[in-house]
Amino acid sequence: MSRQIVSLLAIATVAVTLTPTAASAAPTPKAPVQAAAVAQAKAKAVDCAQLKCIALTFDDGPGKYAGTLLDTLKKYNAKATFFLEGQYVKSRPAFVKRMAKEGHELGNHSYSHPNFTTIEPDAVKNEIQKTQDAVKKAAGVEPKLLRPPYGMLDVQTSEVAAEFGMPMILWTAGSRDWATKNSAEIKKQTLAVAKRDGIILMHDWVKQTVDVMPSLVKLLQSRGYTLVKVSDVIKSQNLQPGDAFPVPEGWEN
Ligand SMILES: [Zn+2]
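Residues numbered from 1 in each chain as written. Predicted model: local features only at pLDDT ≥ 70, side-chain atom pairs only at ≥ 80, totals over all residues. Heavy atoms only, no water.

1. Looking at the packing of helix 2 (residues 66-75) against helix 9 (residues 207-222)
Piece 1. The geometry of helix 2 relative to helix 9 is characterised by a closest axis approach of 9 Å and an angle of 5° between their N-to-C directions. Regarding the angle of helix 2 to helix 9, the classification is roughly parallel. Residues T68, L69, T72 and L73 of helix 2 touch helix 9, and the partners they reach there are V210, M213 and P214. (Axes fitted to C-alpha atoms, helices over the stretch in contact; angles between N-to-C directions. Helix = DSSP H or I, 4+ residues; strand = E, 2+ residues; numbered from the N terminus. Parallel < 35°, antiparallel > 145°, perpendicular 65-115°, else oblique. Contact = heavy atoms within 4.5 Å.)

2. A look at the pairing of strand 3 (residues 105-108)
Piece 1. Residue alternation in strand 3 divides its side chains into two sets, E105 and G107 and L106 and N108, and both sets are buried.
Piece 2. The pairing of strand 2 (residues 81-84) with strand 3 spans 4 bridges and is parallel. When the bridges of strand 3 are listed, T81 appears paired with E105. (Buried < 20%, exposed > 50% of the residue type's maximum accessible area, 1.4 Å probe, protein only. Pairing = 2+ DSSP bridges.)

3. A short note on the state of the cysteines
Piece 1. Applying the stated rule across the entire model yields 1 disulfide.
Piece 2. Bridging C48 to C53, the disulfide has an S-S length of 2.2 Å. Since a negative S-S torsion denotes a left-handed disulfide, the C48-C53 link at about -90° is left-handed. Of the two residues, C48 and C53, neither departs from the other in class, the shared state being buried. (Disulfide = S-S within 2.5 Å.)

4. So, the packing of aromatic side chains
Piece 1. This structure, assessed with the given rule, holds 1 aromatic pair.
Piece 2. The aromatic ring of Y225 is capped on one face by K52, whose charged end is 4.2 Å from the ring centroid.
Piece 3. Lying over the aromatic face of Y111, K130 brings its terminal NZ or CZ to 4.2 Å of the ring centre. (Phe/Tyr/Trp six-rings, centres within 6.5 Å; stacked < 30°, edge-to-face > 60°. Lys NZ or Arg CZ within 6 Å of the ring centre and 35° of its normal.)

5. Description of the pairing of strand 6 (residues 198-203)
If a strand is regular, its side chains alternate between the two faces of the sheet.
Piece 1. Most of strand 6 sits out of view: 6 of its 6 residues are buried.
Piece 2. Burial along strand 6 is two-sided: G198, I200 and M202 facing one way and I199, L201 and H203 facing the other are all buried.
Piece 3. Pairing of strand 1 (residues 52-61) with strand 6, which is carried by 6 bridges, proceeds in the parallel orientation. Considered in strand 6, the bridge of I54 is made with G198.
Piece 4. Two elements, strand 5 (residues 173-174) and strand 6, share 2 bridges in a ladder whose sense is parallel.

6. Here's the deal with the pattern of salt bridges
Piece 1. This model, assessed by the stated rule, comprises 8 salt bridges.
Piece 2. When the shortest N-O distance is used, the salt bridge between D211 and K207 registers 3.0 Å. Placement of the pair is D211 and K207 together in helix 9, with a separation of 4 residues, close to one helical turn.
Piece 3. Classification of D211 as partly exposed rests on a relative accessible area of 44%.
Piece 4. Members of the salt-bridge network, linked through shared partners, are D71, K74, R98 and E102. (Salt bridge = Lys/Arg side-chain N within 4 Å of Asp/Glu carboxyl O.)

7. Remarks on the packing of helix 2 against helix 4 (residues 93-101)
Piece 1. Packing of helix 2 against helix 4 brings their axes to within 10 Å, and their N-to-C directions diverge by 15°. Between helix 2 and helix 4, the interaxial angle falls into the category roughly parallel. Relative to helix 4, helix 2 is oriented so that their crossing is left-handed. Residues A66, G67, L70, D71 and K74 of helix 2 lie in contact with helix 4, whose contacting residues are F95, R98 and M99. (Left-handed = near helix turned anticlockwise from the far one by under 90°.)

Here it is in structure tokens:
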């Protein structure tokens, strides 16, 4: 089989839907104890067939501003997914521990961010394994999702991902935060590409992203979105190890 190289840039432009949806009114609990129980049950079982879910994903971290981002997510009871780079897991383990403790999802984004389609399979394995080990050491859990650097993948990448039992998670749209580094632009772009079950690419090393998060999270929630982990939005996809999602153009799982 000839090697398929796929860039996420090839994915067709995502349709823009900006239909504001009022958040559905929650039933009024009779007692505080009951309210706590309801909140806890909700936190445990997120059902994206019922909820208007969206998954914000933060790559290349933990970045310098991860602590501030975690504070914001906690304040608004929002969950996110962090595709971590092993070298920064090693240098900033406390953030990784906190991410896991506060219910966020941890994904593997390589150790040093090489393009997996240009290196040997053993080097890809090494990049993934070192990151698995670093996350395990920092947070006591191992990532179950892989996001190849630059969204670049090929058959070889898929085979290695399969060995690790992980599907490859790309994104439905990007915030373009790394390019604009402008809070207003990041907010505008993210709202323009937000859609139900969307997977949005962002970066916690971009200060302007972290700065705009309180306002962005509030707006998404006011439009009816529940901010969830990637695992929640892909649950219905029944992805197998080595599968890619969203399926890039020219790729077959
Ligand atoms: Zn990256």
